Amino acid sequence: MKPLMILSVVGSVLLGACSDAVDHVDFKVSVPAGLSVAAGEPVNFVFGGNPDYITFFSGENGSDFAAADRYDADIDRIELSCSMRQQYNDISYIDRQLVYVYVSTDFCGEYTPDGVNAATWIPLTGTGANCLPAPVAVSASAVSVSGSIDLAEYIDPNKPFHIAFLYNAPGRATIPASNGGGHYTVRPRVDVTDLVMTKTLADGRIDIVDNATTGFGFRPVFESSFKESNFLVTDNGMLFQPIAAQYDAVTGREPDERVWMVSTLITPRQVEPDRGLAIKSIESRLTNYEYVYSLPGTYKATFVATNANLWDSNRCVKQLTVTVK
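Let us look at the structure shown here. The structure presented is a predicted model; accordingly, all values stated were derived computationally and were not measured.

1. Let's talk about the overall build of the protein chain
Right, on to step 1. Looking only at helices and strands, one finds 2 helices and 19 strands in the protein chain.
Right, on to step 2. Computed over its C-alpha atoms, the radius of gyration of the protein chain comes to 28 Å, more than 25% above the 20 Å expected for a compact globule of 325 residues.
Right, on to step 3. Counting only C-alpha atoms, the protein chain reaches 90 × 70 × 40 Å along its principal axes.
Right, on to step 4. Considering the protein chain as a whole, with its 325 residues, one finds that 40% of them fall into the buried category.
Right, on to step 5. For the protein chain, long-range pairs separated by at least 24 residues make up 74% of all intrachain contacts whose partners lie at least 6 apart in sequence.
Right, on to step 6. Taken as a whole, the protein chain presents about 16,900 Å² of accessible surface, with 52% of it coming from carbon and sulfur.

2. Details of unusual backbone geometry
Right, on to step 1. Here the phi dihedral of Asp-95 falls at roughly 60°; this positive angle occurs in a residue that is not glycine.
Right, on to step 2. Looking at where Asp-95 falls in the secondary structure, it is placed in the loop between β5 (75–87) and β6 (99–104).
Right, on to step 3. Backbone geometry places Asp-194, a non-glycine residue, at a positive phi of 50°.
Right, on to step 4. Here Asp-194 lies in strand β10 (residues 189–201).

3. Focus on the sheet that holds strand β1 (residues 28–30)
For sheets, the rule is that strands pair by backbone hydrogen bonds, running either parallel or antiparallel.
Right, on to step 1. Overall, antiparallel pairing links the 3 strands, which are arranged β1-β3-β17 in an open sheet. Lying at the two open borders of the sheet, with one neighbouring strand each, are β1 and β17 (288–292). In this sheet, adjacent strand axes meet at a mean angle of 25° when their direction is disregarded.

4. Some thoughts on the sheet that holds strand β15 (residues 257–262)
Right, on to step 1. The 5 strands lie next to each other as β7-β6-β9-β15-β12, forming an open sheet whose pairing is antiparallel. Bordering the open sheet on either side are β7 (122–123) and β12 (219–224), each of which pairs with just one other strand.
Right, on to step 2. Relative to β15, β12 runs antiparallel, the two sharing 5 bridges. Bridging across to β15, Pro-220 finds its partner in Met-261.

5. Details of the side chain of Asn-307
Right, on to step 1. Inspection of the secondary structure assignment puts Asn-307 in strand β18 (residues 297–308).
Right, on to step 2. Only 2.9 Å separates the side chain of Asn-307 from the backbone nitrogen of Asp-52, close enough to count as a polar contact.
Right, on to step 3. Ignoring anything within four residues of it in the chain, the contact list for Asn-307 reads Val-22, Asp-23, His-24, Val-25, Pro-51, Asp-52, Asp-312, Ser-313 and Asn-314.

6. Brief notes about the nonpolar core
Right, on to step 1. Within the largest apolar cluster, 40 residues are counted, with the highest numbers of intra-cluster contacts made by Leu-80, Leu-151, Ile-163, Phe-165, Met-197, Phe-218 and Phe-240.
Right, on to step 2. Listed by contribution, the elements that provide at least two residues to this core are β5, β6, β9 (162–169), β10, β14 (237–240) and β15.
Right, on to step 3. Ignoring sequence-local partners within four residues, the contact set of Phe-218 consists of Ile-163, Ala-164, Phe-165, Leu-195, Ala-212, Thr-213, Val-233, Met-238, Met-261, Val-262 and Ser-263.
Right, on to step 4. Grouped together as the second largest cluster of nonpolar side chains are 22 residues, Val-25, Phe-27, Leu-320 and Val-322 included.

7. Examining the pairing of strand β13 (residues 231–234)
Right, on to step 1. Note that β13 and β14 share 4 bridges and pair antiparallel. When the sheet's bridge partners are listed, Thr-234 is paired in β14 with Gly-237.
Right, on to step 2. Connecting β13 to the antiparallel partner β14 that follows it, the hairpin turn spans 2 residues.

8. Remarks on the packing of aromatic side chains
Right, on to step 1. Applying the stated criterion across every chain yields a total of 23 aromatic pairs.
Right, on to step 2. Seen in terms of ring centroids, Phe-27 and Phe-47 are 5.4 Å apart; in terms of plane orientation they differ by 50°. Their pairing is tilted. Residue Phe-27 is located in the loop between α1 (2–19) and β1, and its partner Phe-47 is located in strand β3 (residues 42–48); the two are separated by 20 residues in the primary sequence.
Right, on to step 3. Judged by relative accessible area, which is 3%, Phe-27 ranks as buried.
Right, on to step 4. Taking the relative accessible area as the measure of exposure, Phe-47 reaches 10% and is therefore buried.
Right, on to step 5. On the basis of an interplanar angle of 25° and a centroid distance of 4.6 Å, the ring pair of Tyr-293 and Tyr-299 is categorised as stacked. Here Tyr-293 and Tyr-299 have matching classes, each one buried.
Right, on to step 6. Through pairs of rings, three or more aromatic residues link up here, namely Phe-27, Phe-45, Phe-47, Phe-56, Tyr-289, Tyr-291, Tyr-293, Tyr-299 and Phe-303.
Right, on to step 7. Between Arg-219 and the ring centre of Tyr-111, over which it is positioned, the NZ or CZ distance is 3.9 Å.

Reading the values: rules and limits
- Residues numbered from 1 in each chain as written.
- Predicted model: local features only at pLDDT ≥ 70, side-chain atom pairs only at ≥ 80, totals over all residues.
- Heavy atoms only, no water.
- Helix = DSSP H or I, 4+ residues; strand = E, 2+ residues; numbered from the N terminus.
- Rg over C-alpha atoms; globule rule 2.2 N^0.38 Å.
- Buried < 20%, exposed > 50% of the residue type's maximum accessible area, 1.4 Å probe, protein only.
- Contact = heavy atoms within 4.5 Å.
- Areas by Shrake-Rupley, 256 points an atom, 1.4 Å probe, with all protein chains shown as cover.
- Pairing = 2+ DSSP bridges.
- Axes fitted to C-alpha atoms, helices over the stretch in contact; angles between N-to-C directions.
- Polar contact = N/O pair within 3.5 Å; in protein donor to acceptor, adjacent residues only side chain to side chain.
- Core = buried A, V, L, I, M, F, W, Y, C linked by side-chain atoms within 4.5 Å.
- Phe/Tyr/Trp six-rings, centres within 6.5 Å; stacked < 30°, edge-to-face > 60°.
- Lys NZ or Arg CZ within 6 Å of the ring centre and 35° of its normal.

This is how it looks when you write it as structure tokens:
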């Protein structure tokens, strides 16, 4: 009797597992008005069937189904661009550069003062033809600069690199007691914004890195700082803002501020896969979807329809070529 009972239980489990199989995906896409439209006009995709989920790839840069599983690619060009704004410009720092940008191919990844100083850092800021401009104050008023630099010599896939920003404001002999008359009790503040690394792929597509936290992975390294606060990395950029300091007991001067922001290792060939847009979930029914292409061109619009549960999934891919005039 016991073997029969075991077989009976196994059979029940197998029957239960079979019942968890999902249905075949029955899904169709059409464009009754035609696949040729003017830029700025909506394309109305009409659906047949009711899959659990639908994901849409427009075929534009960043939303190409053919690149959905692409994590590396041949690169033709790498460009780094950013904006920097310097304010609270104490008279002691007029006509002096306080922020520098560097690249290194031999930084060991040790985010400490010793680790940073052991690396070779090649300047990217300057006044030459292919340099990032750095803010240099000529008065107490704020100064803003922006620019880009071609990193062509760092395309080599065998030479990954790090990018670093250095805030370097030597201590003053006399700390102002109050603001005014070209004097500030704090050292100048520098904001880095619009930080973008643009990779032009060999096939002409563009890959963008523009998040200082998740994309570049910048981390602060405090080489010399009165207090490790107000030096921040956010999704949108970086902030260098020393607080009011006290005199150093040994030197009798304001302590130096040398604070680095160092990126994670950047591999030239590494790119982000293209992403689709989830336009339907199991909770809803979708009979059509409208999309507007803003630029002329030929696009392969792709819809990925999926039926899925915890144990099984089936999918169907439908593609249409849209011509935008």
